[in-house]
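Breakdown of the fold
The primary structure of each chain is shown beneath.
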Amino acid sequence: MSQVPKFGFSAFLKLINANPKPQKRLVRDRFRPSTGGYDFHKSLRQRVQRIAFENLALHDALASTAEIGKKAERESAIKGLRQFSEWRQKNLGDLSACESFLFSSPKELFKVEFTPNFLIELNGRRTAVHLWNTRQALSAGLVSASLCMVANRHPLESRPDDFAVLSLQDGRLFRWSDANKETAAFGEKLLEVLDLEFANARLEFGLPEAVEGDAPDNPTP
């Protein structure tokens, strides 16, 4: 229970784009016992990876969704694959793998892992792209602020030229390079506010203050 919560990037985007009451609940859920939730979007990510790195044809990827037992998950994967294909037709650069990056909040009360699904050159920039396929609406400002968090903490020697989130709900691409100093500053303030929320949650659950080196929970994507 004293562990530091760890978010996958989509889970983090879901948290910061939530309204205040749901956001508070999501924070506190991180301190409740859990056996690990079902990864609703794993089937989509696996197929996108095979398209990107194994030359799987879209037709075959779509046909393979018949193997997905849950109707909602199957329909979500089909929609996401079609949106990804449409985006790829307009962005033909080679795709390659890119390592994930883990960073801590200022007070180290939670951790966030940015996991790119692929690296692609966009407008001359080697761009690490994370896919989003959740129905929850995204705020462009909040996504940009989150990408600033990643870029500002990533070691320079191995940092891609750009970071992005591609929404497979509507085809929008959010890029760190489109952000400004005000957005970056907003991202830092947001981390401070979330740290306070996590500190309050620890108090409510009677947990000790988190210390550096606490083992993080497994992240949700």
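Everything discussed here concerns the structure shown above.
The shown structure was predicted, so the numbers you read here are calculated from the model rather than taken from an experiment.

Quick notes on the packing of helix H6 (residues 140–153) against helix H7 (residues 181–204)
Packing of H6 against H7 brings their axes to within 8 Å, and their N-to-C directions diverge by 85 degrees. Relative to H7, H6 is oriented roughly perpendicular. Facing H6, whose interface residues are Gly 141, Leu 142, Ser 144, Ala 145, Cys 148, Met 149, Asn 152 and Arg 153, H7 presents Thr 183, Ala 184, Phe 186, Gly 187, Glu 188, Leu 190 and Leu 191. Per-class residue counts for the contact of H6 with H7 are eight nonpolar, five polar and two charged.

A short note on the environment of Phe 110
Summarising the element assignment, Phe 110 is placed in the loop between strand E2 (101–104) and strand E3 (111–114). A sequence separation of 104 residues divides Phe 110 from Lys 6, and the C-alpha atoms of the two residues are 5.7 Å apart. Beyond its immediate sequence surroundings of up to four residues, Phe 110 is in contact with Val 4, Pro 5, Phe 7, Phe 12, Phe 103, Ser 104, Ser 105, Leu 191, Leu 194, Asp 195 and Phe 198.

Looking at the pairing of E2
Side chains Phe 101 and Phe 103 of E2 all project onto a buried face; the interleaved residues Leu 102 and Ser 104 project onto a face where none is buried. In terms of strand pairing, E2 meets E3 through four bridges, oriented antiparallel. For Phe 103, the partnering residue across the bridge sits in E3 and is Val 112. Taking the residues between adjacent antiparallel strands as the criterion, E2 and E3 are bridged by six residues, where Glu 108 takes a positive phi near 55 degrees.

Concerning the pairing of strand E4 (residues 118–122)
Counted residue by residue, E4 has four buried out of five residues, so it is predominantly covered. As defined by bridge partners, E4 adjoins strand E5 (residues 125–132) across five bridges and the pair is classed as antiparallel. Bridge pairing in E5 links Leu 119 to Ala 128. Following E4, the chain reverses through two residues before pairing antiparallel with E5; Asn 123 in that reversal takes a positive phi of roughly 55 degrees.

As for unusual backbone geometry
The backbone of Asn 55 shows a phi angle near 60 degrees, a positive value even though the residue is not glycine. Within the secondary structure layout, Asn 55 lies in the loop between helix H3 (42–54) and helix H4 (58–64). Judged by its relative accessible area of 71%, Asn 55 falls in the exposed class. A positive phi angle, close to 55 degrees, is found at Asn 123, a residue other than glycine. Relative to the assigned elements, Asn 123 resides in the loop between E4 and E5.

Cut-off values and rules
- Residues numbered from 1 in each chain as written.
- Predicted model: local features only at pLDDT ≥ 70, side-chain atom pairs only at ≥ 80, totals over all residues.
- Heavy atoms only, no water.
- Axes fitted to C-alpha atoms, helices over the stretch in contact; angles between N-to-C directions.
- Helix = DSSP H or I, 4+ residues; strand = E, 2+ residues; numbered from the N terminus.
- Parallel < 35°, antiparallel > 145°, perpendicular 65-115°, else oblique.
- Contact = heavy atoms within 4.5 Å.
- Nonpolar A, V, L, I, M, F, W, Y, C, P; charged D, E, K, R; others polar.
- Buried < 20%, exposed > 50% of the residue type's maximum accessible area, 1.4 Å probe, protein only.
- Pairing = 2+ DSSP bridges.

Purely spatial values, then, with no claim about function.
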